[in-house]
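Single-letter residue listing:
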Amino acid sequence: MSTLVTLGMVAILGFACQWLAWKTTKPAILYLLMTGILIGPVSGLLDTDALLGELLFPLVSLSVAVILFEGSLTLKRSELKDISGTVLNMVTYGALLNVVIVTLATHYLAGLDWPLAALFGSLMVVTGPTVIVPILRTLRPNEKISRTLRWEGIVIDPLGALFAVIVFEWIIVQGSSTEITAVIGVFLKTLATGLGLGVTLGYAYGLLLRHHLLPEYLHNFSAIATVVAGFVLSDTLSHESGLLTITVMGIWLANMPGVDTRGILEFKESLTLIFVSSLFILLAARIDFAAFRNLGYGALGVLLVMQCIARPAKILLSTLGSSFTWRERTLLAWVGPRGIVAAAVTALFALRLDQLGYAQASLLVPLAFSVIIGTVVIQSMTARSLAKWLDVCEDESAGYLVIGANPVAIGIASALQGAGIKVVLCDNYWENIKAARMAGLSTYYGSPVSDHADLHLDTTGLHGMLGLSHQAERNTSAALRFREEFDLGDIYTLAMPGDREKFRTSEQHGGKFLFESSISYGKLASLFSKGAEVRKTRLTESFVYSDWQKQNQSSSTIELFALDPDNKIHWFTSDNKPQLNAGWIIYALNLQTKTEGELAKNQTTLVENVETAK
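Described in the following lines is the structure provided in the data block. Model, not experiment: these values are computed from the prediction.

## Considering the pattern of salt bridges
Inference 1: The tally for this structure, following the rule as stated, stands at 6 salt bridges.
Inference 2: For Arg 311, the salt bridge is made with Glu 152, and the minimal N-O distance between the two is 2.8 Å. Taken together, the residues Arg 311 in helix H16 (residues 297-318) and Glu 152 in helix H10 (residues 143-176) connect sequence positions 159 residues apart. Accessibility assignment for this pair places Arg 311 and Glu 152 in one class, buried.
Inference 3: For Arg 535, the salt bridge is made with Glu 533, and the minimal N-O distance between the two is 2.9 Å.
Inference 4: Given the relative accessible area of 16%, Glu 533 is considered buried.

What follows is the structure, encoded as structure tokens:
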């Protein structure tokens with residue numbers, strides 16, 4: 001194939017892998033690596049070295065620099081203060097224990113020399129949110145486990161990569177001289193260059209952002225230019241110090257007062273997605289099956305040690321004296337997949353070490369890919385069953401973050417909770433929060449779009465958002481905030497009153513409109529104030545949906561949602577009316593007189609705390 005066709009194939013396959021990962025809730029790296037192997041060594045459709053030639057190493061280097069910069073932007077000092085002691089243990093001496101065990105296994109089982117074994121051990125300490133989050137979506141553990149695994153992935157990502165970079169620098173300078181004093185001197189020079197230049201660039205670029213010396217449309221471009229220039233300048237001043245510079249620069253920017261990096265971080269996440277999708281197909285296509293054969297059963301041995309010894313030992317040490325039960329410890333000890341940062345940095349280091357003449361450098365990538373594929377496959381297939389057996393997972397029902405804790409939100413949320421669906425109500429007003437708590441509902445007191453919410457608003461077990469605030473702008477801003485965390489199709493808000501098109505929020509920004517387009521917050525609040533209740537009705541073969549409609553033709557009856565026989569929720573929206581059959585349960589807001597209530601014998605009052613909902 002021509003170069004143009006090959007690049008187009010890589011792009012479309014990368015997109016297909018990401019879409020498939022989203023559809024199956026499995027880590028994308030699994031599909032990307034498998035695709036690269038299929039079109040590379042298996043079929044011979046892609047020859048990465050012939051395609052890129054001398055551009056391969058610079059392309060991988062700059063891609064890894066961007067990936068590490070994006071990860072380091074998420075590491076804020078304030079977040080480290082808020083995480084639990086167990087997570088701190090896991091990313092410090094727990095991680096160090098993991099490095100030691102994996103290093104020993106890599107040396108004795110895979111046969112790598114001590115320097116490369118130590119490098120591999122430091123690389124394999126990184127988990128990362130890109131592999132943890134998809135597994136958590138399928139796993140659905142309890143809140144305690146979910147928060148611990150999520151924070152471990154966020155914090156260990158840049159810290160682990162930083163440690164691996166330092167080990168790599170030590171290997172490089174050690175190979176350049178036989179005298180220990182010279183080795184230490186070059187190593188200290190590399191560290192000084194990386195740290196000094198990273199802080200300098202981070203501070204200088206932060207000043208540009210803080211004092212608004214750059215127009216907003218140039219923020220993303222300038223960030224990329226600074227990362228590339230910083231990487232090149234650092235490597236020019238001190239060989240192999242570029243990655244350290246970029247990592248330090250990102251951490252400095254993330255913690256610099258008065259500097260908002262959220263826009264840059266969002267752009268970097270999108271750019272990282274493109275780089276990762278292309279990079280891993282290209283790297284996997286370079287895998288030589290002969291290298292796998294050279295590893296033999298050693299690769300399997302390293303994988304088993306990591307899964308069955310290193311991870312459990314790390315969790316056991318890190319959770320000593322904590323409140324975790326043995327069931328929760330067991331699940332934490334089983335779940336710890338390796339991901340994108342580990343694979344990307346391993347590939348880069350292997351390329352560089354191979355250029356420097358390290359004979360065993362070619363074994364690093366197949367060994368890393370074996371561990372990544374193995375941990376992702378094993379844990380994706382077994383973690384959910386293990387969590388169910390240990391009884392530490394949530395039920396299958398989708399939960400919702402509810403914006404607002406007013407009477408309308410409390411009434412609908414109570415109905416959802418009564419149906420076994422998890423809800424968390426979020427509001428700025430303490431009186432509303434107090435009323436919701438009196439009704440037995442989980443709450444978050446504060447703005448859902450605040451920095452505090454990013455740290456403390458736990459969305460574990462939640463798969464959608466309901467904008468039920470009386471302020472339409474608050475619903476819209478929350479919808480924009482959570483459109484990446486939840487699928488856009490699972491975000492619902494109330495329609496604005498009135499029929500003037502220029503005042504109505506588009507569904508692109510506000511999500512789907514709940515109920516009929518004419519149903520506003522004001523109408524719902526009016527019904528609740530008059531004593532309306534959320535009632536449920538089970539449809540049968542003898543009492544079908546049309547029968548229910550005949551009994552509830554009043555304008556004071558509003559269809560809210562329905563549950564199918566599998567307990568899956570279906571919302572009534574302005575453009576969607578579920579096809580209800582026997583076995584379905586319909587929930588509706590109904591203002592009935594006593595006589596009308598007696599006629600609807602199959603209806604039962606759901607909201608027990610209706611007085612609070614009023």
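## Section: a nonpolar patch on the surface
Inference 1: A surface patch of nonpolar side chains, about 600 Å² in accessible area, is lined by Leu 96, Val 100, Leu 104, Tyr 108, Leu 109 and Trp 114.
Inference 2: Considering each element in turn, the nonpolar patch owes the most residues, 5 residues, to helix H7 (residues 93-109).
Inference 3: Here Leu 109 shows up in helix H7.

## Digging into unusual backbone geometry
Inference 1: Unusually for a residue other than glycine, His 212 sits at a positive phi of about 55°.
Inference 2: The residue His 212 is located in the loop between helix H11 (180-210) and helix H12 (219-237) in this model.
Inference 3: A positive phi angle, near 60°, is found at Asp 391, a position not held by glycine.
Inference 4: With respect to the secondary-structure elements, Asp 391 resides in the loop between helix H19 (364-390) and strand E1 (399-403).

## A few points about the sheet that holds strand E2 (residues 423-427)
What links the strands of a sheet is backbone hydrogen bonding, and the strands pair in either a parallel or an antiparallel sense.
Inference 1: Read from one edge of the open sheet, 6 strands run E3-E2-E1-E4-E5-E6, paired in parallel fashion. Edge positions in the open sheet fall to strand E3 (442-445) and strand E6 (512-513), since each of these has one partner strand only.
Inference 2: Here E1 pairs with E2 via 4 bridges, running parallel. Bridging across to E2, Tyr 400 finds its partner in Val 423.
Inference 3: Against the sheet, helix H20 (residues 407-418) makes contact with E1, E2 and strand E4 (462-467), and its axis sits at roughly 165° relative to E2, the strand it touches most.
Inference 4: Along the sheet face, helix H21 (residues 430-438) touches E2 and E3 and points at about 165° away from the line of E3.

How each quantity is defined
Residues numbered from 1 in each chain as written. Predicted model: local features only at pLDDT ≥ 70, side-chain atom pairs only at ≥ 80, totals over all residues. Heavy atoms only, no water. Salt bridge = Lys/Arg side-chain N within 4 Å of Asp/Glu carboxyl O. Helix = DSSP H or I, 4+ residues; strand = E, 2+ residues; numbered from the N terminus. Buried < 20%, exposed > 50% of the residue type's maximum accessible area, 1.4 Å probe, protein only. Patch = residues over 30% accessible without salt bridge, like charges linked within 9 Å, V, L, I, M, F, W, Y side chains within 5 Å. Areas by Shrake-Rupley, 256 points an atom, 1.4 Å probe, with all protein chains shown as cover. Pairing = 2+ DSSP bridges. Contact = heavy atoms within 4.5 Å. Axes fitted to C-alpha atoms, helices over the stretch in contact; angles between N-to-C directions.

Nothing here speaks to function; it is geometry throughout.
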